[in-house]
Amino acid sequence: MNVAGLRAMGTRFFRYVRDPRVPLWRRLAGLFAVIYFVVPVDALPDFLPILGWLDDVGVLSAAAFFMVREVQRYQLDVSAWPTPVAPGEANRAGTPPLRDR
């Protein structure tokens, strides 16, 4: 992936995280993995030399894989965005303009 692809993926990621249509648990999956990595209570304690670190790496890599797949599948629905009202158009909101109130 080149720099332009990485930038596009980052932009899509932030749109994905800010989209209210995406379930909250999907948006927070990466955060849950980081919390699992930082909190000292694990499935396999970190004082075990290799196994304690491997479960942390496994959880982080699984969360990263999940987030990348989710962001790649994410389709931004541009038709749902509000369109700006032109100066000559009628008010679409149904309320009169401020000058007429």
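Read on for an overview of the structure. (Residues numbered from 1 in each chain as written. Predicted model: local features only at pLDDT ≥ 70, side-chain atom pairs only at ≥ 80, totals over all residues. Heavy atoms only, no water.)

1. Quick look at the packing of aromatic side chains
Ring pairs (aromatic) are described by centroid distance and by the angle formed between their planes.
Alright, step 1. Going through the model one piece at a time under the given rule, you end up with three aromatic pairs.
Alright, step 2. Ring plane angle 80° and centroid distance 5.4 Å describe the contact between Tyr 16 and Tyr 74, whose orientation is recorded as edge-to-face. Taken together, the positions of Tyr 16 in helix α1 (residues 3-18) and Tyr 74 in the segment after α4 (51-73) put the pair 58 residues apart, joining distant regions of the chain.
Alright, step 3. Look at Tyr 74 and you get buried, because its relative accessible area is 9%. (Phe/Tyr/Trp six-rings, centres within 6.5 Å; stacked < 30°, edge-to-face > 60°. Helix = DSSP H or I, 4+ residues; strand = E, 2+ residues; numbered from the N terminus. Buried < 20%, exposed > 50% of the residue type's maximum accessible area, 1.4 Å probe, protein only.)

2. Focus: the nonpolar core
Alright, step 1. If you look at the biggest cluster of nonpolar residues, it comprises eight residues: Met 9, Tyr 16, Val 22, Ala 29, Phe 66, Met 67, Val 71 and Tyr 74.
Alright, step 2. Mapped onto this core, the elements with two or more residues apiece are α1 and α4.
Alright, step 3. For this core, the element with the highest residue contribution is α4, accounting for three residues. (Core = buried A, V, L, I, M, F, W, Y, C linked by side-chain atoms within 4.5 Å.)

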